[in-house]
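Structure at a glance
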Amino acid sequence: MEIKNLMVTGGCGFIGSNFIQYLLGQGDFTGRIINVDKLTYAGNPDNLEGIEKDYPGRYLFERADICNLERMEEIFSRYGINAVCHFAAESHVDRSIKDPGAFIYTNIVGTFNLLEAARSHAGDFILFHHISTDEVYGSLGKEGLFKETTPYQPTSPYSAAKASSDHLVRAYNKTYGLPVTVSNCSNNYGPYQFPEKLIPLITLNAKEGEKLPVYGDGRNVRDWLYVEDHCDAIWTIMKSGRRGETYNIGGNMEMENIVIVEMICDILDEITGLGSNGPRRNLITFVTDRPGHDRRYAIDFSKLQNELNWSPKESFESGIRKTLSWYLENSEWVGRVKNNEYRSWISEQYTL
Ligand code: NAD
Ligand code: DAU
């Protein structure tokens, strides 16, 4: 059975919007995408500007909250949804520390609702792909890698809520036989990322000559993956991954935060010339650490590599240059996001 009507949740966010662009460009996907997004502060329809025209009849949008089960059931029935790719989530760790409530509702209850809707359409339903994070595994010391078998030890409200949703997805597979796949990915970067996350925040601050906040000693390590490589991995798993299985996705690109921040400064100095304060590295400011800050993440993605022949294509050096150029060239997008201009437009265009 093929995917005919794919519900993509959170498709106006960073990875979701990149995924929709990616998937509609793939020759081996001929179905329709129904993008279900609440349009929170992180959801921006600008990310998919022109998509209806580029792919006539293949992209539909519903502004809806995944916490509303009745609405999810109705959307499943109306569009004949036969597969889900579930991105929608509250995604920012710092926000989860300040105000965890929305993380519990969206990430846990929202996922539960989608699973229920899928279960009640079980006859035609062929795949629930759940997008998750390496943060569910907790923090590593100097050595070692997260494997699919690493015990869950989430440390922030964000990662605890994501962990809970992963368990629910796997429970629906075991208990009800729902066809599911799960992927746990490392840190993404690339175009359309909301400038609260490290790379776009530092890029835009450095461009404007503002301070560059680095938490703690700046030596925390993340494993970075270019967003298009993540999209490619997701589609690979959706097509060929074994149902009921979990796949780790990573970039084989462990970097300390301070190294990334310095790299961004140097590339911007090179592309645009020095800022008014001289080298942009002068703007680096060490600030109070994030509470419970995980020290190191690193991913073993050999299962995905060996079973499904996937590996990342973009190097960090080329990916970061592409990303910085994108932020420099898309000042209109940046301006609208930074001054919140699109929020009032959303309220005029869409009701929830
Ligand atoms: P994002 O914050 O950029 O986008 C989230 C999207 O979900 C937004 O469009 C938002 O409007 C929507 N949304 C939020 N609450 C909703 C609700 N209740 N109902 C419907 N829509 C809602 O997030 P992202 O960085 O694109 O992450 C997408 C997914 O990938 C998340 O599940 C996240 O946990 C996971 N992930 C992210 C990364 C990363 O580095 N960004 C890495 C691994 C996994
Ligand atoms: O690992 C996957 C996760 O990556 C995803 O599940 C999350 O949705 C995504 O937000 C991301 O989480 P992080 O907390 O790792 O990303 P963030 O960009 O917020 O921070 C990256 C690192 O940089 C982290 O060690 C904290 C640090 N940092 C972050 C910010 C925003 C700073 O030093 N200064 C900052 O201003």
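Throughout what follows, the structure given in this document is the object of discussion. (Residues numbered from 1 in each chain as written. Chains lettered and ligands numbered in written order. Predicted model: local features only at pLDDT ≥ 70, side-chain atom pairs only at ≥ 80, totals over all residues. Heavy atoms only, no water.)

If you walk across this open sheet you meet the 3 strands as β7-β9-β11, and the pairing is mixed. Each edge of the open sheet is held by one strand with a lone partner, namely β7 (187-189) and β11 (254-256). Taken pair by pair, the neighbouring strands of this sheet meet at an average axis angle of 50°, ignoring direction. The sheet contact formed by strand β9 (residues 221-226) and β11 spans 3 bridges and is antiparallel. Bridging across to β11, Arg222 finds its partner in Met255. (Pairing = 2+ DSSP bridges. Helix = DSSP H or I, 4+ residues; strand = E, 2+ residues; numbered from the N terminus. Axes fitted to C-alpha atoms, helices over the stretch in contact; angles between N-to-C directions.)

Phi is positive for Tyr192, which is not a glycine, with a value near 75°. Its place among the elements puts Tyr192 in the loop between β7 and α7 (198-208). Judged by relative accessible area, Tyr192 falls into the partly exposed class, the value being 22%. (Buried < 20%, exposed > 50% of the residue type's maximum accessible area, 1.4 Å probe, protein only.)

Together, Tyr105, Val109 and Phe112 give the surface a local cluster of nonpolar side chains, amounting to about 280 Å² of exposed area. Position of Tyr105 among the secondary structure elements: in helix α5 (residues 101-120). (Patch = residues over 30% accessible without salt bridge, like charges linked within 9 Å, V, L, I, M, F, W, Y side chains within 5 Å. Areas by Shrake-Rupley, 256 points an atom, 1.4 Å probe, with all protein chains shown as cover. Salt bridge = Lys/Arg side-chain N within 4 Å of Asp/Glu carboxyl O.)

Taken together, 23 residues form the shell around ligand 2, and within it Thr133, Asp134, Tyr158, Arg290 and His293 come nearest. The separation between an oxygen atom of ligand 2 and a polar side-chain atom of Asn187 is 2.7 Å. Take His293: an N or O atom from its side chain is 2.7 Å from an oxygen atom of ligand 2. Summarising the interface, the protein chains cover 94% of the accessible area of ligand 2, which totals 690 Å² for the free molecule. When residues of the shell around ligand 2 are traced back to their parent elements, those giving at least two are α7 and β8 (212-215). (Near = heavy atom within 4 Å. Polar contact = N/O pair within 3.5 Å; in protein donor to acceptor, adjacent residues only side chain to side chain.)

The next point concerns the packing of α7 against helix α9 (residues 257-272). Remark: α7 packs on α9, axes separated minimally by 10 Å, with the N-to-C direction vectors making an angle of 40°. Here α7 is positioned oblique relative to α9, judged by the angle of their axes. For the element pair α7 and α9, the recorded crossing hand is right-handed. For the pair α7 and α9, the contacting residues are Leu198, Ile199, Ile202, Thr203, Ala206 and Lys207 in the first and Asn257, Ile260, Val261, Ile264 and Leu268 in the second. (Parallel < 35°, antiparallel > 145°, perpendicular 65-115°, else oblique. Left-handed = near helix turned anticlockwise from the far one by under 90°. Contact = heavy atoms within 4.5 Å.)

The subject of this paragraph is the site of ligand 1. Around ligand 1, the structure places 28 residues, and the nearest of them are Ile15, Asp37, Ser91, Tyr158 and Lys162. Contact distances for ligand 1 include 2.9 Å between a nitrogen atom and a side-chain N or O atom of Asp65. Within the side chain of Thr106, an N or O atom sits 3.0 Å from a nitrogen atom of ligand 1. Taken by itself ligand 1 offers 840 Å² of open surface, and the protein chains cover 97% of this.

We now examine the pattern of salt bridges. Following the criterion strictly, the structure yields 25 salt bridges and no others. In this structure, Lys239 and Asp28 form a salt bridge, with 2.7 Å as the shortest nitrogen-oxygen distance. Here Lys239, found in helix α8 (residues 227-240), pairs with Asp28, found in the loop between α1 (14-24) and β2 (32-37); they are 211 residues apart in sequence, far enough to count as distant. Residue classification places Lys239 among the partly exposed positions, given a relative accessible area of 42%. On the basis of relative accessibility, which here comes to 44%, the residue Asp28 falls in the partly exposed class. Where Lys303 meets Glu245, a salt bridge forms, and the shortest distance between an N and an O atom there is 2.6 Å. Here Lys303, found in helix α10 (residues 302-308), pairs with Glu245, found in the loop between α8 and β10 (246-249); they are 58 residues apart in sequence, far enough to count as distant. For Lys303, a relative accessible area of 18% corresponds to the buried category.

Take the packing of aromatic side chains next. Counted according to the given criterion, the structure contains 20 aromatic pairs. Ring centres 5.5 Å apart and planes at 90° place the aromatic pair Tyr137 and Tyr152 in the edge-to-face group. In this pair, Tyr137 is assigned in the loop between β5 (127-133) and α6 (157-176) and Tyr152 in the loop between β5 and α6, connecting sequence segments 15 residues apart. Of the two residues, Tyr137 and Tyr152, neither departs from the other in class, the shared state being buried. Consider the rings of Tyr189 and Phe316, whose centres lie 5.1 Å apart with planes at 55°: the pair is tilted. Here Phe316 lies in helix α11 (residues 316-329) and Tyr189 lies in strand β7, a separation of 127 residues in the sequence. Residue class for Phe316 comes out buried when judged on its relative accessible area of 3%. (Phe/Tyr/Trp six-rings, centres within 6.5 Å; stacked < 30°, edge-to-face > 60°.)

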